[in-house]
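Overview (structure and organization)
This is what each chain is made of:
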Amino acid sequence: MAPIKIKLCKKEGSLSLEYSNGDHFILTGEYLRVHSPSAEVRGHGKGQEILQYGKKFIKICNVESSGNYALKLTFSDLHDSGIYTWGYLYDLASNHAKYWHAYLTALHNTEKSREPDVQIVQLMQPK
């Protein structure tokens, strides 16, 4: 489903999407960056996904149409290789809570942080 209105909110670096069914979503640069459909994020096959971390302050800098079926986003870290189809964008938007929770859980499980330049250290518990 293609959005009927797309707005880049440059100050926040987020994307606003409105749909004909009344749905309206605002997606942050960080959320869209860590869920990029690019090979850098998805890998080259099932199970080859690469967890993105340190992207908390990433913003969307530019939006371009890619034919009549997708958007190409450019982010403040210069990532621009993912093509976000209408279906993929709607899926990301409508399942935001589920995907965001899974992302935060993956960060926690791998001791990674949303913050750039942060290392999480697990201390061993005394026996």
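First things first, this report covers the structure right here in the doc. (Residues numbered from 1 in each chain as written. Predicted model: local features only at pLDDT ≥ 70, side-chain atom pairs only at ≥ 80, totals over all residues. Heavy atoms only, no water.)

**Focus on the sheet that holds strand E4 (residues 60-66)**
Within the open sheet, the three strands sit side by side as E4-E5-E6. Their pairing is antiparallel. The open sheet terminates on both sides in strands that have one partner only, identified here as E4 and strand E6 (83-85). For this sheet the average axis-to-axis angle between neighbouring strands, irrespective of direction, equals 30 degrees. In this sheet, E6 lies alongside strand E5 (residues 70-75) in antiparallel orientation, the contact comprising three bridges. Within E6, the residue paired with Lys72 across the bridge is Ile83. In the packing of helix H3 (residues 86-94) onto the sheet, the strands contacted are E5 and E6, and the crossing angle to E6 comes to about 80 degrees. (Pairing = 2+ DSSP bridges. Helix = DSSP H or I, 4+ residues; strand = E, 2+ residues; numbered from the N terminus. Axes fitted to C-alpha atoms, helices over the stretch in contact; angles between N-to-C directions. Contact = heavy atoms within 4.5 Å.)

**Examining the environment of Lys59**
As for its position among the elements, Lys59 is in the loop between helix H2 (39-42) and E4. Among all residues touching Lys59, those that are not within four sequence positions of it are Lys11, Glu12, Gly13, Gly29, Thr74, Phe75 and Ser76.

**As for helix H4 (residues 96-109)**
Its 14 residues place the ends of H4 20 Å apart at the C-alpha level, agreeing with the 20 Å of an ideal helix rising 1.5 Å per residue. Within the span of H4, buried status applies to Trp100, Tyr103 and Leu107. The buried side chains of H4 occupy one side of the element, clustering within an arc of 60 degrees when seen end-on. The exposed residues of H4 that point more than 90 degrees off its buried face are Ala97, Lys98, His101, His108 and Asn109. Buried residues belonging to H4 abut helix H1 (29-34). Of the residues trailing H4, Glu111 is marked for its positive phi of about 55 degrees. (Expected span 1.5 Å × (residues − 1). Buried < 20%, exposed > 50% of the residue type's maximum accessible area, 1.4 Å probe, protein only. Arc of directions from axis to C-beta.)

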